[in-house]
Amino acid sequence: MEDKEVVNKKVVLKQYIPDGPATESDMELVATDTLRLRLPPGSTAVLVKNLYLSCDPYMRSRMTKHDEPSYVDDFIPGTPIPGYGVCKVLDSGHPDFKMGDYAWGMTGWEEYSLITSTEGLFKINHTDVPLSYYTGILGMPGFTAYVGFYEIGSPKKGERVFVSAASGAVGQLVGQFAKLMGCYVVGSAGSDEKVNLLKNKFGFDEAFNYKKEPDLNKALRRCFPEGIDIYFENVGGAMLEAVLRNMRLNGRIAACGMISQYNLERPEGVSHLFTIVAKRIRMQGFVIFDHYRSYREFEEKVVQYIKEGKIVCMEDIAEGLENAPAALIGLFAGRNVGKQLVVVAREQQSI
């Protein structure tokens, strides 16, 4: 490819922020650095042009400096925000990637990224589906739904499944996987519009707007008079507390995230934990990069589901890198409907 230097626009975290709500102004778009669009001889890195970026709730915790390490590192102020995305390979010194390949995985919130660690970078094998799907249904959120439901939830046909934050990128797919298994599925969401989507687009048996429910325990009892076998946990707090009271004997809870807690200065406690003992409940947290070995199996199965029309997805698209901060912050106000992603650059596809 042409050997030239370009100005590389990027979104950075200005400084670490304390616990509590994050704002758009905590991030900024800068264009002060140049990047050479060719690797030096002997490099094993991959140089990519970013096309789509994924906005994900877990990113909020990385904006705060932690004394104790978590499962992902804190962001470094002044450097491009790292996150999942879809990209095109411009140059490569790595044997698994060549110029012109499309890939998804951990990249940066910038126009171009130099990726030196490719452990979390996957070549895209199916370019006959929209590339943006690899930020959602075929990327980290879809894979998270797959692992959490099938491997952690251990579902059986006919079981009763509850999904919180069900209209989000992960939840909408958990519900559809559960329906394909022959389960009874209920989801919660934060608006009537999202409730209608769950029932009429994603095929949930029932759904409710948690903001209109004065008593979550009663809402769950109404939807699950015989109790819940599997809970896919995305919310935490009061919802988790209500779910514990409605779990069935030997129920399973796949703990994926707890978005209600991410912006709190002091995380909420949860009561009724003895239910885990009394009802022999298995509650297990999981982190998706522990399961990368299963990704290709997931990709082939879900691509086939998409082509057969067995599952659908919904995207909420923000145009332009400059709108990435607003898109991310919007997650915590429930502004997105479906998978929130940011278009950095578009590629012409023949599908």
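Residues numbered from 1 in each chain as written. Predicted model: local features only at pLDDT ≥ 70, side-chain atom pairs only at ≥ 80, totals over all residues. Heavy atoms only, no water.

Caption draft 1: The packing of aromatic side chains, seen in detail. If you walk through the whole model with that rule in mind, you get 20 aromatic pairs. Between the aromatic rings of Tyr-146 and Phe-177, the centroid separation amounts to 6.0 Å while the plane-to-plane angle is 80°, which identifies the pairing as edge-to-face. Taken together, the residues span a long stretch of sequence, with Tyr-146 in helix H1 (residues 140–152) and Phe-177 in helix H2 (residues 171–180) at a distance of 31 residues. Assessed through its relative accessible area of 1%, Phe-177 is described here as buried. Linked through ring pairs, Tyr-58, Tyr-84, Trp-104, Phe-122, Phe-143, Tyr-146, Phe-149, Tyr-150, Phe-177, Tyr-292, Tyr-295 and Phe-298 together constitute an aromatic cluster. Directly above the aromatic system of Tyr-150 lies the positively charged group of Lys-301, at a separation of 6.0 Å from the ring centroid. (Phe/Tyr/Trp six-rings, centres within 6.5 Å; stacked < 30°, edge-to-face > 60°. Helix = DSSP H or I, 4+ residues; strand = E, 2+ residues; numbered from the N terminus. Buried < 20%, exposed > 50% of the residue type's maximum accessible area, 1.4 Å probe, protein only. Lys NZ or Arg CZ within 6 Å of the ring centre and 35° of its normal.)

Caption draft 2: Examining the pattern of salt bridges more closely. In this structure the tally under the stated criterion is 18 salt bridges. One salt bridge connects Glu-159 with Arg-252, and the closest N-O pair in it is separated by 2.6 Å. Highlighted residues: Glu-159 in the loop between H1 and strand E10 (160–163) and Arg-252 in strand E14 (residues 247–255), separated in sequence by 93 residues. Comparing Glu-159 with Arg-252, the two get one shared label, buried. Among the salt bridges present, the one from Asp-192 reaches Lys-212, with a minimum N-O distance of 2.5 Å. Placement of the pair is Asp-192 in helix H3 (residues 192–200) and Lys-212 in the loop between strand E12 (206–209) and helix H4 (216–223), with a sequence separation of 20 residues. The exposure class assigned to Lys-212 is exposed, which follows from its relative accessible area of 55%. Through salt bridges with shared partners, a single network forms among Arg-160, Glu-226, Asp-229 and Arg-248. (Salt bridge = Lys/Arg side-chain N within 4 Å of Asp/Glu carboxyl O.)

It is worth stressing that arrangement in space is one thing and function is another; only the former is reported here.
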